[in-house]
Amino acid sequence: MRKELGDWDFIVPGTEDTFSYMEGIYTHRLTTDNSIEMGKYSTKPGYAVLNLPAVYSLTYQTMHLFYHQVSVDNLYMEWLKNRWIIHMKDARLNGVSVELADFIKRSAKQGRMCYVPEYKALGIKSEEEPLSVSLSADIKDWLHNQGEQTGKIMQADCLLPM
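About the thresholds
Residues numbered from 1 in each chain as written. Predicted model: local features only at pLDDT ≥ 70, side-chain atom pairs only at ≥ 80, totals over all residues. Heavy atoms only, no water. Buried < 20%, exposed > 50% of the residue type's maximum accessible area, 1.4 Å probe, protein only. Helix = DSSP H or I, 4+ residues; strand = E, 2+ residues; numbered from the N terminus. Arc of directions from axis to C-beta. Contact = heavy atoms within 4.5 Å. Pairing = 2+ DSSP bridges. Axes fitted to C-alpha atoms, helices over the stretch in contact; angles between N-to-C directions. Patch = residues over 30% accessible without salt bridge, like charges linked within 9 Å, V, L, I, M, F, W, Y side chains within 5 Å. Areas by Shrake-Rupley, 256 points an atom, 1.4 Å probe, with all protein chains shown as cover. Salt bridge = Lys/Arg side-chain N within 4 Å of Asp/Glu carboxyl O. Phe/Tyr/Trp six-rings, centres within 6.5 Å; stacked < 30°, edge-to-face > 60°. Lys NZ or Arg CZ within 6 Å of the ring centre and 35° of its normal.

**Notes on helix H3 (residues 98-107)**
Along H3, the residues classified as buried are Leu 100, Ala 101, Phe 103, Ile 104 and Ser 107. Taken down its axis, H3 places every buried residue within 160 degrees of arc, on the same side. Across from the buried face of H3, at angles greater than 90 degrees, the exposed residues are Glu 99 and Arg 106. Taken together, the buried residues of H3 touch strand E3 (48-53), helix H2 (57-69), strand E7 (108-110), strand E8 (112-116) and strand E9 (121-125).

In structure tokens:
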């Protein structure tokens with residue numbers, strides 16, 4: 001696992017033990033289960049959020065699926081008191097059993113899930129959708145000034161909290 005944008009660590013499933021990458025390899029002779037591919041970052045706004053129990057076989061099946069099919073650049077995992085909180089960009093997962101799809105859907109705290117059993121495919125999407133609006137330059141400038149006064153920024157022609 002990777003903590004924020006820092007170094008890679010090993011986590012021992014079923015425990016709270018973590019080791020630095022070098023300590024895991026040289027002291028404990030650990031190896032990774034999956035190769036990690038960085039991939040291409042999605043610029044679409046928003047994340048789907050899952051809240052998974054830390055010590056549960058379907059959690060590790062879910063993480064295994066994510067490591068194989070979701071770019072690590074589009075996945076953020078956080079360990080909180082025996083739970084994994086996973087933030088992820090939109091993804092389509094293939095080869096997903098009905099049981100695993102149901103588990104992922106039940107674990108979703110934000111986002112939309114769509115499972116197609118015939119294809120064993122699960123779509124995971126953020127609840128945020130981009131909106132394009134055409135405005136005159138005067139109105140856009142006025143919005144920008146209002147945003148600066150209220151502590152909000154203009155991003156992709158939308159006002160967002162700072």
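Right, picking up where we left off after that structure.
**Concerning the pairing of strand E4 (residues 75-80)**
The pairing of E4 with strand E5 (residues 83-88) spans six bridges and is classified as antiparallel. Within E5, the residue paired with Met 77 across the bridge is Ile 86. From the end of E4 to the start of E5, which pair antiparallel, there are two residues, and Lys 81 there has a positive phi angle of about 40 degrees.

**Some thoughts on the sheet that holds E8**
The pairing of strands in a sheet happens through backbone hydrogen bonds and is either parallel or antiparallel. Judged by pairing direction, the sheet is antiparallel, and its three strands sit side by side in the order E6-E9-E8 without closing on themselves. In this open sheet, the two strands that pair with only one neighbour each are strand E6 (91-94) and E8. Within this sheet the neighbouring strands show an average axis-to-axis angle of 15 degrees, counted without direction. Pairing of E6 with E9 involves four bridges; the strand directions are antiparallel. The residue of E9 that forms the bridge with Arg 92 is Gly 123. Sitting on the sheet, H2 is in contact with E6 and E9, with an inclination near 110 degrees to E6. Sitting on the sheet, H3 is in contact with E8 and E9, with an inclination near 170 degrees to E8.

**Details of a nonpolar patch on the surface**
Among the surface-exposed residues, Leu 131, Val 133, Leu 135 and Ile 139 lie close enough to one another that they form a single nonpolar patch of about 370 Å² accessible area. With respect to the helices and strands, the residue Val 133 is situated in the loop between E9 and helix H4 (137-150).

**Remarks on the packing of aromatic side chains**
The relative placement of two aromatic rings is captured by the distance of their centres and the angle of their planes. All told, the structure shown has one aromatic pair when counted by the stated rule. On the basis of an interplanar angle of 45 degrees and a centroid distance of 5.5 Å, the ring pair of Tyr 56 and Phe 103 is categorised as tilted. Taken together, the positions of Tyr 56 in the loop between E3 and H2 and Phe 103 in helix H3 put the pair 47 residues apart, joining distant regions of the chain. The partly exposed category is assigned to Tyr 56, whose relative accessible area is 38%. Exposure remark for Phe 103: the relative accessible area of 4% places this residue in the buried category. Note that Lys 89 overlies the ring of Tyr 47, its terminal NZ or CZ placed 4.5 Å from the centroid.

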